[in-house]
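Secondary and tertiary structure notes
Next come the chains, spelled out residue by residue.
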Amino acid sequence: MTKPTTLHEFSPGLADVPAARSSISYVDGQAGLLEYRGIRIAEMAAHSTFLETSFLLLFGHLPTPDELHRFSQDISHHRRIKYRITDLIKCLPEQGHPMDALQAAVAALGMYYPARQVLDPEIQYWSVVRLIAKVPTIIAAYHRLRRGDHEIHPRDDVYHASNFLYMLTEKVPHPSLAKALDTCLILHAEHTMNASTFSGMVTASTLADPYSVVASALGTLKGPLHGGATEEVVHMLEEIGSRERVRTYLEKRLAAKHKLMGFGHRIYKVKDPRAIILQKVARGLAEDCGASTLLDLAEEVERVGEELLRDKGIHPNVDFYSGALYKTMGIDPDFFTTIFAMARVSGWLAHWLEQIKDNKLFRPDQIYEGPHGRAYVPIDRRVRGVE
Ligand code: CMC
């Protein structure tokens, strides 16, 4: 006898269905409020750094100077990747997507640092340190190697965001560029139960190692409805080309039932608070670098897009202004989502730590809608559409 299925109310995309109890971050989508461990995102962006933010997300409190010093030192001492990981990256096709390269390299990293004892606090700490430290090195290595350039080894004496830009260009960046990137990392570090975090938590709930958790989350982040939108926004802006074409382009796109990339959010019904900060950062950087054309265009798209979509509660999200910023930093557009990943690795790992502390295997139900009791028809008697 099969057990009858209980029909719970089905919510497509699990909208409004809580999947965990968490104290890592909080969003109020009507008020446009985001907090990390209770601290507003605008405060974090104004006063914190990415490594301090990561510490807060992972361990629940703002670090003391000693705690932050040790955490930062541990990260800067674990930035190098094994030459075999570099060799693996060299073997990947140069026209492949950087998120796939990152996912492959992170999965391979786990083979060098076995972390099956996920409840061991030492394993937890060093896995977190290694992942936060090495993900930027992998991204920068693929950015250079696929162009035929040598990879640049990380520097221990340079801060996280500066070191990443250094590994891309072999130059320690201007402080305003490094600060802008660091702010982007703070803003992308965590965002409650989004698709990639959920994906990572499902993997975590099987007690798989943290490298597999991050590899799962990376595959999910890549999609254009999630982190992949950053790259799509810039393609959309390039397709529009000039401010004069904005209205016609948007009207045509919406009439064809295509979405505006970088607009809309499952939770926010007002402009994403991260987009507000990113727009200001992008404006500041564009003025410093004298490169505001893409940003001017993005702001015009926001103005017209808001006019066309406001009634549906659709406004710019975090991905809308990040592309313009990364472009000013000289990062290739197909790498934009990897920058998101470089930040979100801290949020994913914070959820990993929270999940395994009180773990229950994710094993949801489904509402079966297929037939029952069908006969097995031997292959020589099957006729398509008749059986
Ligand atoms: N442009 C035009 N219409 C939109 C958009 C958009 N960007 N987003 C939602 N809509 C419309 C959609 O067509 C639908 O209209 P109708 O009810 O008439 O059929 C309605 O709004 C509801 O849309 P939905 O896709 O069912 O809603 P959702 O909660 O699943 O959407 C979303 C969330 C992020 C998938 C969606 O807004 C979207 O596809 N946006 C574009 C991609 C994007 O920017 N993604 C980044 C999301 S934020 C950061 C991140 O997660 O990485």
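Residues numbered from 1 in each chain as written. Predicted model: local features only at pLDDT ≥ 70, side-chain atom pairs only at ≥ 80, totals over all residues. Heavy atoms only, no water.

Concerning the pattern of salt bridges
Using the criterion set out here, one finds 18 salt bridges in the structure. Across the salt bridge formed by Asp87 and Lys90, the nearest N and O atoms sit 3.8 Å from each other. Here the residue Asp87 and the residue Lys90 both occupy positions in helix α4 (residues 83-91), the gap between them amounting to 3 residues, near one helical turn. Since its relative accessible area comes to 49%, Lys90 is described here as partly exposed. (Salt bridge = Lys/Arg side-chain N within 4 Å of Asp/Glu carboxyl O. Helix = DSSP H or I, 4+ residues; strand = E, 2+ residues; numbered from the N terminus. Buried < 20%, exposed > 50% of the residue type's maximum accessible area, 1.4 Å probe, protein only.)

Observations regarding the pairing of strand β2 (residues 33-36)
The alternating pattern of β2 places Leu33 and Glu35 on one face and Leu34 and Tyr36 on the opposite face, and all of these are buried. Two strands pair when backbone bridges link them, and strand β1 (residues 25-28) and β2 are joined in this way by 4 bridges, in the antiparallel orientation. Note that in β2 the partner of Ser25 across the bridge is Tyr36. Direction of pairing for β2 relative to strand β3 (residues 39-40): antiparallel, over a ladder of 2 bridges. The residue bridging Glu35 from the neighbouring strand is Arg40, located in β3. Hairpin connection, β2 to β3: the antiparallel pair is bridged by 2 residues, and Arg37 has positive phi, about 50°. (Pairing = 2+ DSSP bridges.)

Quick notes on the nonpolar core
Grouped together as the largest cluster of nonpolar side chains are 109 residues, with contacts concentrated most on Ile132, Phe164, Leu325 and Met329. Aside from chain neighbours lying at most four places away, what touches Ile132 is Phe50, Leu51, Ser54, Leu58, Phe71, Ile75, His160, Val345, Ser346 and Leu349. (Core = buried A, V, L, I, M, F, W, Y, C linked by side-chain atoms within 4.5 Å. Contact = heavy atoms within 4.5 Å.)

Here we look at the domain arrangement of the protein
What the domain assignment reports for the protein is domain 1 (23-225 + 343-357) and domain 2 (229-328). Taking the mean C-alpha position of each, domain 1 and domain 2 sit 26 Å from one another. Carbon and sulfur atoms supply 70% of the area buried between domain 1 and domain 2, which totals about 1700 Å² over both sides. Connecting domain 1 to domain 2 are 0 salt bridges. In this structure, the connection of domain 1 to domain 2 is made through 4 residue pairs in polar contact (both at pLDDT 80 or more). Listing elements by their share of the side of domain 1 that touches domain 2, those giving two or more residues are β1, β2, α1 (41-47) and α8 (175-188). Per element, the largest residue contribution to the side of domain 1 that touches domain 2 is 8 residues, and it comes from α8. For the side of domain 1 that touches domain 2, the per-class residue count stands at 13 nonpolar, 9 polar and 2 charged. (Domains from an automatic or database assignment. Buried area = accessible area lost by both parts, 1.4 Å probe. Polar contact = N/O pair within 3.5 Å; in protein donor to acceptor, adjacent residues only side chain to side chain. Nonpolar A, V, L, I, M, F, W, Y, C, P; charged D, E, K, R; others polar.)

Concerning the site of the ligand
Taken together, the neighbourhood of the ligand is formed by 21 residues, with His226, Lys259, Leu260, Phe263 and Lys312 sitting nearest. One nitrogen or oxygen atom from the main chain of Phe263 is found 2.8 Å from a nitrogen atom belonging to the ligand. Interatomic distance of 2.7 Å between a side-chain N/O atom of Lys312 and an oxygen atom of the ligand. Burial of the ligand by the protein amounts to 68% of the accessible area it has alone, namely 920 Å². Taking a 2 Å distance to the grid points as the criterion, the majority of the atoms of the ligand fall inside the largest pocket. Partitioning the shell around the ligand into residue classes produces 11 nonpolar, 6 polar and 4 charged. (Near = heavy atom within 4 Å. Areas by Shrake-Rupley, 256 points an atom, 1.4 Å probe, with all protein chains shown as cover. 1 Å grid on protein atoms, 1.4 Å probe; cavity = no way out; pocket = protein on both sides within 12 Å on 5 of 7 lines; lining within 4 Å. Sits in = over half its atoms within 2 Å of the grid points.)

What about the environment of Ala275?
The residue Ala275 is located in helix α13 (residues 273-289) in this model. A residue is classified by how much of its surface remains accessible, and Ala275, at 0% relative accessible area, is buried. Separated by 64 residues in the primary sequence, Ala275 and Tyr211 place their C-alpha atoms 30 Å from one another. Other than its neighbours up to four places away in sequence, Ala275 contacts Pro316, Asn317, Val318 and Tyr321.

Observations regarding the packing of aromatic side chains
By the definition in use, this model includes 11 aromatic pairs. Taking the centre distance of 4.8 Å and the plane angle of 65° together, the rings of Phe55 and Phe59 count as edge-to-face. One end of the pair, Phe55, and the other, Phe59, are both in helix α2 (residues 50-59), 4 residues apart, so they sit about a helical turn from each other. Residue Phe55 is classed as buried on the basis of its relative accessible area of 7%. For Phe59, a relative accessible area of 30% corresponds to the partly exposed category. (Phe/Tyr/Trp six-rings, centres within 6.5 Å; stacked < 30°, edge-to-face > 60°.)

Points about the packing of helix α14 (residues 293-309) against helix α15 (residues 319-328)
Helix packing for two helices is described by the angle between their axes and how far apart those axes are. α15 packs onto α14 with a crossing angle of 170° between their chain directions and a minimal axis gap of 10 Å. Here α14 is positioned roughly antiparallel relative to α15, judged by the angle of their axes. Two secondary-structure elements touch here, α14 through Leu294, Leu295, Ala298, Glu299, Val301 and Glu302 and α15 through Phe320, Tyr321, Ala324 and Lys327. Of the residues in the contact of α14 with α15, the class split is 7 nonpolar, no polar and 3 charged. (Axes fitted to C-alpha atoms, helices over the stretch in contact; angles between N-to-C directions. Parallel < 35°, antiparallel > 145°, perpendicular 65-115°, else oblique.)

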